[in-house]
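# Remarks on the overall topology
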Amino acid sequence: LKPENVLLKMSNNDIDLKISDFGSACELSATVYTYIQSRYYRAPEVILVIKYSYEIDLWSIGCIAAELFLGEPLFPGKC
């Protein structure tokens, strides 16, 4: 996930979160991608090339939330 793929809809006092662009989505039993997630939002298990699961998306959401709060990426990476 990355900020461009997270859509917020605000109505009254409710906030709906929608996720778009599932280009790298895969079955949990078929996590075959080696290049996955955008650099600033990449989970540690992806960086370390170990088995990953849906939790990597929660990591990305946390990084995005921190970026919205701080005004800059939490983990700006260059390589």
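Residue indices follow the written sequence of each chain, beginning from 1 at its first position. For a predicted model such as this one, the threshold for reporting local features is a pLDDT of at least 70, and the threshold for listing and counting side-chain atom pairs is 80 or more; totals across whole chains, interfaces and linings nevertheless cover every residue. Side-chain numbers come from the whole structure's heavy atoms, not from hydrogens or water.

## Section: the overall build of the chain
We count it as follows: Helix and strand labels come from DSSP, where a helix needs a run of H or I of at least four residues and a strand needs a run of E of at least two; each type is numbered from the N terminus. Here, two residues are considered to be in contact whenever any of their heavy atoms come within 4.5 Å of each other. We treat Lys and Arg as the positive residues and Asp and Glu as the negative residues; His and chain ends play no part in the count. Charge positions come from single atoms, namely NZ of Lys, CZ of Arg, CG of Asp or CD of Glu.
A count of helical and extended segments in the chain gives two helices and two strands. N-terminal to C-terminal, the α/β element order of the chain is β-β-α-α. The principal-axis extents of the C-alpha atoms in the chain amount to approximately 40 × 30 × 15 Å. Across the chain, every contact between residues at least 6 apart in sequence was considered, and the portion connecting residues at least 24 apart equals 32%. With 7 positive and 10 negative side-chain charges, the chain shows a separation of 6 Å between the mean positions of the two kinds.

## Quick look at the side chain of serine 60
Using the following cut-off: Partly exposed describes any residue whose relative accessible area lies between the buried limit of under 20% and the exposed limit of over 50%, with all areas from a 1.4 Å probe on protein chains only and scaled to the type maximum. Pairs of N or O atoms are called polar contacts if they sit within 3.5 Å, as long as, within protein, a hydrogen donor faces a hydrogen acceptor (for residues adjacent in sequence, only side-chain-to-side-chain pairs).
The residue serine 60 is located in helix α2 (residues 55–70) in this model. According to the relative accessible area criterion, serine 60 is buried, its value standing at 0%. At 2.8 Å, the side chain of serine 60 forms a polar contact with the side chain of glutamine 37. With residues up to four places along the chain from it excluded, the contact list for serine 60 reads Leu1, Gln37 and Tyr41.

## Describing a nonpolar patch on the surface
Heads up, the rule is: Only residues whose relative accessible area exceeds 30% and that form no salt bridge are eligible for patches; like-charged ones are grouped when within 9 Å, while nonpolar side chains (Val, Leu, Ile, Met, Phe, Trp, Tyr) are grouped when within 5 Å. Accessibility throughout is a Shrake-Rupley quantity obtained with a 1.4 Å probe, and a residue counts as covered only by protein chains that appear here. By convention in these notes, a salt bridge is any Lys or Arg side-chain nitrogen within 4 Å of a carboxyl oxygen on Asp or Glu.
A grouping of Trp59, Phe69, Leu70, Leu74 and Phe75 is seen on the molecular surface, where their side chains present a nonpolar patch of about 550 Å² in accessible area. Given the relative accessible area of 39%, leucine 74 is considered partly exposed.

## Comments concerning the environment of leucine 1
Tracing the backbone through its elements, the reader meets leucine 1 in the segment before β1 (6–11). It is 8.8 Å that separates the C-alpha atoms of leucine 1 and serine 20, two residues lying 19 residues apart in sequence. Leaving out residues up to four positions away in the same chain, leucine 1 has contacts with Ile19, Tyr41, Asp57, Ser60, Ile61 and Ile64.

## Looking at the pairing of β1
Stated precisely, the cut-off is as follows: Two strands pair if DSSP finds at least two bridges between them.
Bridge count for β1 against strand β2 (residues 14–19) is six bridges, and the pairing is antiparallel. Within β2, the residue paired with lysine 9 across the bridge is aspartate 16. Once β1 ends, the chain turns through two residues before running back antiparallel as β2, passing asparagine 12 with a positive phi of about 55°.

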